[in-house]
Amino acid sequence: MSQKKTFVTLEQLKEINKTYPTPYHLYDEKGIRANAERLKKAFSWNKGYREYFAVKATPNPFILNILKEYGCGTDCSSMTELMMSHALDFKPEEIMFSSNDTPAEEFAYAAKIGAMINLDDITHIDFLDKILDGKFPETMSCRYNPGGYFKLGTSIMDNPGDAKYGMTHDQIIEAFKILKSKGVKHFGIHSFLASNTVSNEYYPALAKILFELAVELKEKTGVDIRFINLSGGIGIAYKPDQEENDIAVIGEGVHKVYDEVLTPNGMGDVAIYTELGRFMLAPYGCLVTKAIHEKHTHKEYIGVDACAVNLMRPAMYGAYHHITVAGKEDAPCDHVYDITGSLCENNDKFAIDRKLPKIDMGDYLIIHDTGAHGFSMGYNYNGKLRSSELLLKEDGSVEMIRRAETPKDYFATFDFCNILDKLNLK
Ligand SMILES: *Cc1c(COP(=O)(O)O)cnc(C)c1O
């Protein structure tokens, strides 16, 4: 069993605590940069390659600006994500709009800022036609869903047949024909078949499906296919006994399939796009929280000052997040605890029956791998406020990249009545 390492020490946490109270999400700038560099290198064989970072994973302008330095664009699925990308001066071709069940005003805004629209369904062509008054952009993308189970070897990775996303094989052929007749000149294909895959085989297997589809689409519709978007789904090793993905091996795996399928069919200039979220950020963020209560009843509980509103993955999916007690990295894990938050919900537990060192009140608990789908899935249940986000910079200093919410933020949507006055929050 490998040991999962933290990127921050107890001494650093004590120093941070002088300015910023727990709980907070802390991000590792050095780790984010080194990983972005590795990804870029892994796909450097493809001339048009671009990563469109899935904004929903970590919608923070400071993080997006770091990734931008490595040539990343953004992948958006809502109005505010589009607005954030636009405000940060991402160029139109650097903004992908891969949404589903899309409201009309979001399509309209995406078109206005020139973002690349990735259609989730064939019926969205007519929907968009009305919004754009028949004036389609030159380049459009469509999302494919082959149905059935997605398998690698004999193991089932996910169940696309049960997923709401994408068009069937026949629909995407039809969609390309219709879009072509409406004046669209260049096309992209997108698909997302399995989430959080911890296997170097996922992307190459997905690439094979999409590359073969691209060849077929070109033959049957005669359209110009400019890019193939492998979307997200590359996972991370949340558990200490999992072996991490090797992005260099993944990039080479896709390269091999590209040379086998696309190049011989005269499609050796197609760009590869990715929309990674989890892989880009998850390991480079952690949730730092303090032990504030211990409870000895039918089980041993440690109550911390964070709760599921700060990180809902354990409560929502029973997801495993490794926990390190800062300063006790080498102490024996000879205690068994449930680590709980304060919500009035019994699933508000960061860990159940977890073997950990003895925890004392005031200890800092580092909850690993919260850099993606962590803060961003937060909410305000029980009137809880969202925490701050902090960036541990390469020089060891700490920058606040989002302040914590205050009660004034919580009550802000009542600014049309007198409650803010009564609370002296105006
Ligand atoms: C969520 C999502 C992603 C990112 O997925 P990860 O698993 O975080 O890599 C990419 N594209 C689309 C369309 C998504 O919905």
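Remember, predicted model here, so these are calculated numbers, not experimental data.

Draft legend 1. Looking closely at the packing of aromatic side chains. Throughout the structure, instances matching the rule amount to 13 aromatic pairs. Ring plane angle 35° and centroid distance 5.9 Å describe the contact between tyrosine 202 and tyrosine 203, whose orientation is recorded as tilted. A relative accessible area of 0% means that tyrosine 202 is categorised as buried. Judged by relative accessible area, which is 1%, tyrosine 203 ranks as buried. One aromatic cluster in this structure is built from Phe43, Trp45, Tyr49, Phe150, Tyr202, Tyr203, Phe211 and Tyr258. Here the guanidinium or amino end of lysine 68 rests over the ring plane of phenylalanine 90, the centre of that ring lying 4.9 Å away.

Draft legend 2. How the structure looks around the sheet that holds strand 5 (residues 116–119). Pairing is parallel around the closed barrel formed by 8 strands, whose spatial order is 2-3-4-5-6-9-10-11. Averaged over all neighbouring strand pairs, the angle between strand axes comes to 25°, with direction disregarded. Bridge analysis of strand 4 (residues 95–98) against strand 5 gives 3 bridges, and the strand direction is parallel. Counted as the bridge partner of methionine 96 is methionine 116 from strand 5. Helix 5 (residues 104–112) contacts strand 4 and strand 5 of the sheet and is inclined by roughly 145° relative to strand 5.

Draft legend 3. Fine view of the site of the ligand. Surrounding the ligand, one finds 15 residues, the nearest of these being Lys56, Glu275, Gly277, Arg278 and His373. Serine 231 is positioned with one of its side-chain polar atoms (N or O) 3.3 Å from a nitrogen atom of the ligand. The contact in question runs from an oxygen atom of the ligand to an N or O atom on the backbone of glycine 277, over 3.0 Å. For the ligand, whose unbound accessible area comes to 390 Å², protein coverage reaches 91%. When atoms are counted within 2 Å of each cavity's grid points, the one that captures over half of the ligand is the largest pocket.

Draft legend 4. Up close: the domain arrangement of the protein. By the assigned domains, the protein splits into domain 1 (10–23 + 291–401) and domain 2 (29–282). In this structure, domain 1 and domain 2 have C-alpha centres spaced 33 Å apart. Residue-level contacts link 18 residues of domain 1 with 20 residues of domain 2. The interface formed by domain 1 and domain 2 holds 1 salt bridge in total. A salt bridge links glutamate 394 to arginine 33; the shortest N-O distance between them is 3.6 Å. At the boundary of domain 1 and domain 2, one finds 10 residue pairs in polar contact (both at pLDDT 80 or more). Sorting the residues of the side of domain 1 that touches domain 2 by element identifies strand 18 (388–392) and strand 19 (398–402) as the ones contributing at least two each. By residue number, the principal contributor to the side of domain 1 that touches domain 2 is strand 18, which donates 3 residues. Of the residues assigned to the side of domain 1 that touches domain 2, the class counts are 5 nonpolar, 7 polar and 6 charged.

What counts, and where the lines are drawn
Residues numbered from 1 in each chain as written. Predicted model: local features only at pLDDT ≥ 70, side-chain atom pairs only at ≥ 80, totals over all residues. Heavy atoms only, no water. Phe/Tyr/Trp six-rings, centres within 6.5 Å; stacked < 30°, edge-to-face > 60°. Buried < 20%, exposed > 50% of the residue type's maximum accessible area, 1.4 Å probe, protein only. Lys NZ or Arg CZ within 6 Å of the ring centre and 35° of its normal. Pairing = 2+ DSSP bridges. Helix = DSSP H or I, 4+ residues; strand = E, 2+ residues; numbered from the N terminus. Axes fitted to C-alpha atoms, helices over the stretch in contact; angles between N-to-C directions. Contact = heavy atoms within 4.5 Å. Near = heavy atom within 4 Å. Polar contact = N/O pair within 3.5 Å; in protein donor to acceptor, adjacent residues only side chain to side chain. Areas by Shrake-Rupley, 256 points an atom, 1.4 Å probe, with all protein chains shown as cover. 1 Å grid on protein atoms, 1.4 Å probe; cavity = no way out; pocket = protein on both sides within 12 Å on 5 of 7 lines; lining within 4 Å. Sits in = over half its atoms within 2 Å of the grid points. Domains from an automatic or database assignment. Salt bridge = Lys/Arg side-chain N within 4 Å of Asp/Glu carboxyl O. Nonpolar A, V, L, I, M, F, W, Y, C, P; charged D, E, K, R; others polar.

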